[in-house]
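# Coordinate inspection notes
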Amino acid sequence: MSLLVLGINHQTAPVGLRERVAFGSDAMPRALAELRAMPAVREVALLSTCNRTELYALADDRGDALADWLASHPDAGDLHAYLYRHEDADAVRHLFRVATGLDSLVLGEPQILGQVKEAWAVARGAGTLGTHLDRLFQHAFTTAKRARTDTRIGANPVSVASAAVRLAQESFSRLEDATVLLIGAGETIELAARHLVEGKAKRLLVANRTLAHAQELASRHGGVALPLGELDRHLGEADIVLSATASRTPIVTRAHVSDALAKRRHRPMLLLDLAVPRDIEADVATLDDVFLYTVDDLERSIEDNRRSRREAAREAEAIVELQTARYVEALQASTRHAPLKRLRAHGERSRAEAVAKARAQLAAGRDPNEVLDLLAHTLVNRLLHPPTAALREAALSGDAELARAADKLFPPLRPGDAAADDHAAENQPGNADA
């Protein structure tokens, strides 16, 4: 029985293939049921995000059937060429690195831990998560929490959008009280909108040259869409402006901002120009009560943050290695203790059955001394039958290793021991069974 991880991610497969092998939340229960129905699969969980699709399984083979199942996903094509596979300790290490953000496209990004927790919860709800995988995922959550607590792997933003929102949060004591105007509707503005929603910005305005695109983005994030032609009418409402368009000429002029400040009675404005070429005229920075930052200003901060995360990542990798070793050691110890647990369970079962039989005989009025003798005889026979049969078979087959193990478990009887005297008496001439 092996612990397996099979999957594809942003490092091994193009986005077109990752899209075809992605599983939505509505498809998860059925997919998990199909996987668990495979003869070799004992437990299984499925993690599917925009950057990865991975199967975590406890299985009786090396996962060839699981790989074939994933490759048979509609329109997946030749998935095997992009598939990676990890087993046992390597599988443990992989999950811990994923949960910690060490295997992410953006090093240390925090969203993946929530996605791993969701995969665990869905598998648990579907009844495909057993003791082994449940314990593994719980340990992964502990490892990720420790890495984020003991290092700064997720402390600093490493994208222009996240850095811009972080600056906005630091500039306004309560982002919850701020109105934010987003100019554009591309990927950078989309990411900024997500971060602003997470930061609980009070109000989002989205202005774009194509109003339909502004409406789509605004509807996803609870904002209000504006045509770009009405920008000057609404600029004064904004405490924070983030702009990232493909315009070749500035969209926000010094005159626009000067008029907006007058309407705001010169309450401060933060303007973040994330576009190249710039969307906001440079001389806007000369106005009082205006704080203007360009993408170059943010990039310097981002590069410092990237270096900080790389240093933190080395510390987080050490934590992952330590936790992997501890988990594997505990798993091996549990495996070594399994025979002892089975032995004790056999003893307890034999005791319970013998005692129940003795009580029934006493209740039927049988002589207590006879019942005690029968109880002792029954217990000895039931406890010693399995090892006796195994030793007899070992003697016939020449299994010297089992005989040596028996000598360690059952040391030779010494003269004077009651058991030794009984044994000697049983083997005297004339005392043999007829």
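The rules behind these values
Residues numbered from 1 in each chain as written. Predicted model: local features only at pLDDT ≥ 70, side-chain atom pairs only at ≥ 80, totals over all residues. Heavy atoms only, no water. Helix = DSSP H or I, 4+ residues; strand = E, 2+ residues; numbered from the N terminus. Rg over C-alpha atoms; globule rule 2.2 N^0.38 Å. Contact = heavy atoms within 4.5 Å. Areas by Shrake-Rupley, 256 points an atom, 1.4 Å probe, with all protein chains shown as cover. Buried < 20%, exposed > 50% of the residue type's maximum accessible area, 1.4 Å probe, protein only. Pairing = 2+ DSSP bridges. Axes fitted to C-alpha atoms, helices over the stretch in contact; angles between N-to-C directions. Patch = residues over 30% accessible without salt bridge, like charges linked within 9 Å, V, L, I, M, F, W, Y side chains within 5 Å. Salt bridge = Lys/Arg side-chain N within 4 Å of Asp/Glu carboxyl O. 1 Å grid on protein atoms, 1.4 Å probe; cavity = no way out; pocket = protein on both sides within 12 Å on 5 of 7 lines; lining within 4 Å. Points joined across faces, edges and corners; volume = space filled by probe spheres on them. Nonpolar A, V, L, I, M, F, W, Y, C, P; charged D, E, K, R; others polar.

### Re the overall build of the chain
- A count of helical and extended segments in the chain gives 15 helices and 10 strands.
- Taken against the 2.2 N^0.38 rule, which gives 22 Å for 434 residues, the C-alpha radius of gyration of the chain at 35 Å runs more than 25% over that of a compact globule.
- Summarising the internal contacts of the chain: among those between residues at least 6 apart in sequence, 67% fall at separations of at least 24.
- For the chain, the computed accessible surface area is about 24000 Å², with 52% contributed by carbon and sulfur atoms.

### A look at unusual backbone geometry
- With an omega of 0°, the peptide bond between Val 276 and Pro 277 qualifies as cis.
- Tracing the backbone shows Pro 277 in the loop between strand S9 (269–273) and strand S10 (290–294).
- Residues other than glycine seldom take positive phi values, yet Asp 88 does so here, at roughly 55°.
- Examined against the element boundaries, Asp 88 turns out to sit in the loop between strand S4 (84–87) and helix H4 (89–100).
- The exposure class of Asp 88 is partly exposed, given its relative accessible area of 36%.
- Even without a glycine there, the phi angle at His 266 is positive, about 60°.
- Along the chain, His 266 turns up in the loop between helix H11 (254–263) and S9.
- The class for His 266 is partly exposed, based on a relative accessible area of 42%.

### Some remarks on helix H3 (residues 64–71)
- Regarding H3, the residues found buried are Leu 66, Ala 67, Trp 69, Leu 70 and Ala 71.
- Each element contacted by the buried residues of H3 is listed here: strand S1 (2–9), helix H2 (28–36), strand S2 (41–48), strand S3 (52–59) and S4.

### Observations regarding the sheet that holds S1
- Spatially, S2-S3-S1-S4 is the arrangement adopted by the four strands of the open sheet, whose pairing is antiparallel. Each of the sheet's edge strands pairs with one partner strand only, and the pair in question is S2 and S4. The sheet shows a mean angle of 15° between the axes of neighbouring strands, direction not considered.
- Pairing of S1 with S4, which is carried by four bridges, proceeds in the antiparallel orientation. Its bridge partner lying in S4, Leu 4 is registered against Glu 87.
- Seen against the sheet, helix H6 (residues 131–150) touches S1, S2 and S3 and runs at an angle of roughly 35° to S2.

### With respect to a nonpolar patch on the surface
- On the surface, a cluster of nonpolar side chains totalling about 370 Å² of accessible area is made up of Leu 391, Leu 402, Leu 409 and Phe 410.
- With respect to the helices and strands, the residue Phe 410 is situated in the loop between helix H14 (400–409) and helix H15 (418–426).
- With relative accessibility at 47%, the residue Phe 410 sits in the partly exposed group.

### Thoughts on empty space enclosed by the protein
- In the structure shown here, the tally under the stated rule is one cavity of 30 Å³ or more.
- Lining the largest cavity, in full, are Ala 354, Lys 357, Ala 358, Gln 361, Leu 374, Leu 375 and Thr 378.
- When contributions to the lining of the largest cavity are tallied by element, the ones reaching two or more residues are helix H12 (295–363) and helix H13 (368–397).
- Here the residues of the lining of the largest cavity sort into four nonpolar, two polar and one charged.

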